[in-house]
Amino acid sequence: MKVYIPDREWPEHYKPVLEELARVTDPVTGGDVLDSGIIAGLEVAEDTLKVWLNFESHAEYNITGESAIAYSKIIGDIMERFALIRFQNVYVYDLKNNIVGIFENKKGYKWEDISAERA
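Before going into details, it helps to say that this report is about the structure given with it. (Residues numbered from 1 in each chain as written. Predicted model: local features only at pLDDT ≥ 70, side-chain atom pairs only at ≥ 80, totals over all residues. Heavy atoms only, no water.)

Observations regarding the packing of aromatic side chains
Using the following cut-off: Aromatic contacts are taken between Phe, Tyr and Trp rings whose centres are within 6.5 Å, Trp giving its six-membered ring; a plane angle under 30 degrees counts as stacked, one over 60 as edge-to-face, and the others as tilted. Exposed residues in this analysis have more than 50% of their type's maximum accessible area, buried residues have under 20%, and partly exposed residues fall in between, with area computed by a 1.4 Å probe over protein chains only. Only when the NZ atom of a Lys or the CZ atom of an Arg is both within 6 Å of the ring centre and within 35 degrees of the ring normal do we say a charge sits over the ring.
Applying the stated criterion across every chain yields a total of six aromatic pairs. Taking the centre distance of 5.9 Å and the plane angle of 20 degrees together, the rings of Tyr4 and Trp10 count as stacked. In this structure Tyr4 comes out as buried when scored by relative accessible area, which is 14%. Ring geometry for Trp10 and Tyr14: centres 5.5 Å apart, planes at 25 degrees, overall stacked. The pair Trp10 / Tyr14 is uniform in exposure class, with both members buried. Through pairs of rings, three or more aromatic residues link up here, namely Tyr4, Trp10 and Tyr14. A cation over an aromatic ring shows up here: Arg8 above the ring of Trp10, its NZ or CZ 5.1 Å from the ring centre.

Have a look at this one:
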């Protein structure tokens, strides 16, 4: 994992991912998840994206916390932008390395297989 630091010199294959993450809105602050400090780290491989979010998940927190709803939206937005469209596998983790979002394309589907034009 590479810890997210805004001014860091990123490898070239990370840059499109960072540009797309900059379009994911933090519903609490209204800013993007990079500027809001939500993204703690990321790892970009050929067919796999791993993102660590700057929070810890707890069962009681997920039931009562308003932030849990915000994090759920962020996780959903990350999946929507990257799963199957850019990566075959997308994993989203909390700071304790617990998986809070997962997409694994085990059957080898392509974006064209589920696009709206086919429906």
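Don't stop here, the text continues.
Brief notes about the environment of Phe103
Applied cut-off: Secondary structure elements are defined from DSSP: runs of H or I of at least 4 residues count as helices, runs of E of at least 2 residues count as strands, and each element is numbered from the N terminus. In this analysis, two residues are considered to be in contact whenever any of their non-hydrogen atoms come within 4.5 Å of each other.
Relative to the assigned elements, Phe103 resides in strand β5 (residues 99-104). Distance in space between the C-alpha atoms of Phe103 and Gln88 is 7.7 Å, their sequence separation being 15 residues. Excluding anything up to four places from it in sequence, Phe103 contacts Met79, Ala83, Leu84, Phe87, Gln88, Asn89 and Val90.

So, unusual backbone geometry
Within the chain, Leu84 stands out as a residue other than glycine whose phi angle is a positive 70 degrees. Take Leu84: it is sitting in the loop between α3 (66-82) and β4 (89-93). For Leu84, a relative accessible area of 8% corresponds to the buried category. One non-glycine residue, Asn97, adopts positive backbone phi at about 70 degrees. By secondary structure assignment, the location of Asn97 is in the loop between β4 and β5.

Observations regarding the pairing of β4
Let me state the cut-off plainly: DSSP calls a pair of strands paired once it identifies at least 2 bridges connecting them.
Most of β4 sits inside the fold, with five of its five residues counted as buried. Residues of β4 alternate between two faces, with Asn89, Tyr91 and Tyr93 on one and Val90 and Val92 on the opposite face, all of them buried. Relative to β4, strand β3 (residues 48-53) runs parallel, the two sharing five bridges. In the strand pairing of β4, Leu49 is matched with Val90. The sheet contact formed by β4 and β5 spans five bridges and is antiparallel. Across the sheet, residue Tyr91 finds its bridge partner in β5, namely Ile102.

Remarks on the pairing of β3
In terms of residue burial, β3 counts as a mostly covered element, since five of its six residues are buried. With five bridges joining them, strand β2 (residues 39-44) and β3 adopt antiparallel strand pairing. Its bridge partner being in β3, Ile39 is matched across the sheet by Leu53. Hairpin connection between β2 and β3: a loop of three residues separates the two successive antiparallel strands.

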